[in-house]
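Residue-level listing of the chains:
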Amino acid sequence: MKRRNDQNKRNSGRNKRNKSLRARALIALAVIAGSLAIALTVPVRLGLDLRGGTQIMLETRSTPTTEADAAATDRTLEVLRGRIDALGVAEPTLVRSGDQRILVELPGVHDPKKAADVLGRTAQLTVHAVLGPAGTSDGATAPPPADPAAERVLPDESGQPLRLRAADLTGRDVEGADARFDQQGGAGWHVTVDFTKTGQGRWKQVTARAACHPAGDPQRRVAIVLDNKIISSPQVDPSVPCGAGIPGGTTQITGSFDGTEARELALLISGGALPVPVETVEQRTVGATLGDAAIEAAAWAAAIGTALTALFIIAVYRLMGLLATAALVCYGLISYAALAALGATLTLPGLAGFVLAIGMAVDANVLVFERAREEYAARSRPTPRSALTAGFRGALSAIADSNITTLIAAGLLFAFASGPVRGFGITLGIGVLASMVSALVISRVLAEYAVNRPAVFRRPRITGIASTGWVRDGLLRREPFLLRRPRRRLAASAVLLAVAASGILARGLDFGIEFTGGRLIEYATSTPVEPDRVRTALTDAGFPRAVVQSSGDTGLTVRAEHLTNAEEATVTETIGGLGGGTEKIRDELIGPSMGDELRRNALIALSLALGAQLLYLAVRFRWIFGTAAVAALVHDVVVLIGVFAWLGKPIDGIFLAALLTVIGYSVNDSVVVFDRVRELLARDRITPLPRLANQAILQTLPRTVNTGMGAALILTALAVLADDTLTDFALALLIGLAIGTYSSVFIAASLTVELHPHRSAPRRRVITSR
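The rules we used
- Residues numbered from 1 in each chain as written.
- Predicted model: local features only at pLDDT ≥ 70, side-chain atom pairs only at ≥ 80, totals over all residues.
- Heavy atoms only, no water.
- Helix = DSSP H or I, 4+ residues; strand = E, 2+ residues; numbered from the N terminus.
- Contact = heavy atoms within 4.5 Å.
- Areas by Shrake-Rupley, 256 points an atom, 1.4 Å probe, with all protein chains shown as cover.
- Pairing = 2+ DSSP bridges.
- Axes fitted to C-alpha atoms, helices over the stretch in contact; angles between N-to-C directions.
- Salt bridge = Lys/Arg side-chain N within 4 Å of Asp/Glu carboxyl O.
- Buried < 20%, exposed > 50% of the residue type's maximum accessible area, 1.4 Å probe, protein only.
- Patch = residues over 30% accessible without salt bridge, like charges linked within 9 Å, V, L, I, M, F, W, Y side chains within 5 Å.
- Lys, Arg positive; Asp, Glu negative; His and termini not counted.
- Charge placed at Lys NZ, Arg CZ, Asp CG, Glu CD.
- Polar contact = N/O pair within 3.5 Å; in protein donor to acceptor, adjacent residues only side chain to side chain.

Draft legend 1. Layout of the overall build of the protein chain. For the protein chain, the count of helices and strands is 21 helices and 21 strands. The contacts of the protein chain with a sequence gap of at least 6 include a subset with a gap of at least 24, amounting to 79%. Entry remark: accessible area of the protein chain is about 34900 Å², with carbon and sulfur atoms responsible for 58%.

Draft legend 2. Geometry of the sheet that holds strand 13 (residues 250-253). An order of 9-10-13 is seen for the three strands of this open sheet, with the pairing classed as antiparallel. Both outer strands of the open sheet, strand 9 (174-182) and strand 13, are each paired with one neighbouring strand and no more. The mean inter-strand angle of the sheet, taken between neighbouring strand axes irrespective of direction, is 25°. Of the strand pairs in this sheet, strand 9 and strand 10 (residues 188-195) are connected by eight bridges, and their pairing is antiparallel. Along strand 10, the bridge assignment pairs Gly176 with Asp194.

Draft legend 3. Quick peek at the pattern of salt bridges. Scanning the model with the defined rule gives 21 salt bridges in all. Between Lys649 and Asp728 there is a salt bridge, with the nearest N and O atoms lying 3.2 Å from each other. In this pair, Lys649 is assigned in the loop between helix 18 (623-647) and strand 21 (650-651) and Asp728 in helix 21 (residues 724-755), connecting sequence segments 79 residues apart. Judged by relative accessible area, Lys649 falls into the partly exposed class, the value being 26%. Here Arg703 ties to Asp669 by a salt bridge, and the two come within 2.8 Å at their closest N and O atoms. Here Arg703, found in helix 20 (residues 689-721), pairs with Asp669, found in helix 19 (residues 653-683); they are 34 residues apart in sequence, far enough to count as distant. When sorted by exposure, Arg703 lands in the same class as Asp669, which is buried. When salt bridges that share partners are traced, they join Arg371, Glu375, Glu679 and Arg683 into one network.

Draft legend 4. Spotlight on the environment of Ile624. Within the secondary structure, Ile624 is located in helix 18. The spatial distance from the C-alpha of Ile624 to the C-alpha of Leu755 is 6.6 Å, given a sequence separation of 131 residues.

Draft legend 5. Structural context of a positive patch on the surface. A surface patch of like charges, here positive, comprises Arg484, Arg485, Arg488 and Arg691. Locating Arg691 in the fold gives a position in helix 20.

Draft legend 6. Representation of the side chain of Asn403 within the structure. Along the chain, the position of Asn403 falls in helix 9 (residues 384-416). A relative accessible area of 3% means that Asn403 is categorised as buried. Here the side chain of Asn403 touches Ile399 through a polar contact of 2.7 Å, landing on its backbone oxygen. Those residues in contact with Asn403, other than ones at most four positions away along the chain, are Met360, Val432, Ser435 and Met436.

Here's what the structure looks like:
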């Protein structure tokens, strides 16, 4: 009877496992099939650095009350940046060029007319009472009057010309606008407009006058004007009585909107008033910043590095490594499909986010397999299936904590940053979610199916989890005590920080053109010249960091920082040798593309991300662990910046992306170690913390080494095979990977031991006789 009950229990457990496996398999198939369908039908938008796009030159104009000086142009640039970002243009670049011009680059937009339509509505927002029809029907737009207080005639959305009263409100009176969908009230899509305290009274007055006219009368309408064009002219609702107006500071614009129209109108209204009007003085289509050769080299480097990583994982984990590689391929498919479905833009900083996510996908599999190896070695009668199940269960906490901390950072970067930093946050968040699906669903389905095969069950060593691995066998056999003198480790790190800081102080930081601005020169050549040839020639002439782009059929633009007149002559001579007759048609100083607001938002987002990670780690572990992890992270950032200062490498947008990636790696490593420390503390409350922390480091060191080797292979391939820009990016990541591994193993753990109030071994109480 007992034997039958045991058999029933085993059968019941087997049935539950089979049902769970089938459910995960169905989810995996659905995700892969959906991702494949999206990948085959929806293209991914590429940024200007990968694809090219449209370049537009805007010029600010003075008004009777405001001078279009450099300060006004800077304020205009920041308003335009927020407006263009809100309109969904794929990660634009805005640069001040001189005192009154703004250079705008719109990636993926190859139609100058379309680009002009996006930027054409950039004058001040005004709200007018309608005085009636103008008596003409040609729909022509009247020129703006010389006196801003004078009446004007403009066509409404249907082309009917309307006489408008002088402006009653401006964009400064509008606090914000939002598109909403009211399903219960029957209003459908509508736009809600909020006014400032000053704007509330003015809006009430203009609607009070309009409400005195009968329904359907043009004078009951209110016109919202942007760039000398009426973007909306709604009628005041018949329920509003004459002289009362619409109080409360909030109003709704209803009508036959669809979602896209409502959102666009809301964004145009809330885009902000420009300090001065702007005019489009030039627009053209330009080529990609990197060029086809650089992109091809990067693709080959990524392919070779990924192949080497896959071979390494297969060599270490055998069958499980092969299945993990297949899951990584699915990760790439899911990430690509998610990027395409969301309409996000892929740029070089975005690629950095995917590099970090690839590392986390590899790391999740390595965590599971190393934990399965531990379980296999610890059991008296182990099987690959039981060890693998325990491995997934034991590694889940570390995988969840490391991914959640990264998602917190990605979400805050997306919410508060802009430009390339925001793009990094978008792709990082997509990549992390895809890596979790890859590691916890797809990889698990493949692994569990494999270990249930009779051939694999009879040959457990081919799974790769029936052995302890070369790291444990070779490096950890003697169980060294790595935290014997934690203060010495911290002192060595303090010396390293001092050396890095001295490099920053002594050599200074070589900020790239994104931070410092520079010089923009445009040439017209008699014969077409490939930008890649120009880049190579300028590199040979001593200008390796010059940004070269095609402009039209026979045009070239060169951007470089701190070009003297003699150096400019050298650039011109070099290009003339390639393009035959060469004419310089523009030579201007340009401002930094990373404006004050962009830099400020990036710093705020990064600070919030670090604070949120510290809070999460304090809740999940203890505040000591969170403090130690953030301290190790700051150590890695300072050291990496210091190394680049000593090497004379540029601190530019690519380096910023690399720095954000290093931060992700550093936090991830520390979380894995602390997760094991927490687990050991829960089981053993007698052993001193230094011994437990050392035990945690030794147990997670195989994962650290194998994950680091996998990432290093990809980065080394990029450093060796890619062009100069991506070489610096890969170099920064390699340095950050090495420093981050060291800091998580020694600095974070040593600092935890020093900060812990009961870090030493407890004194044993001994009873003695007198």
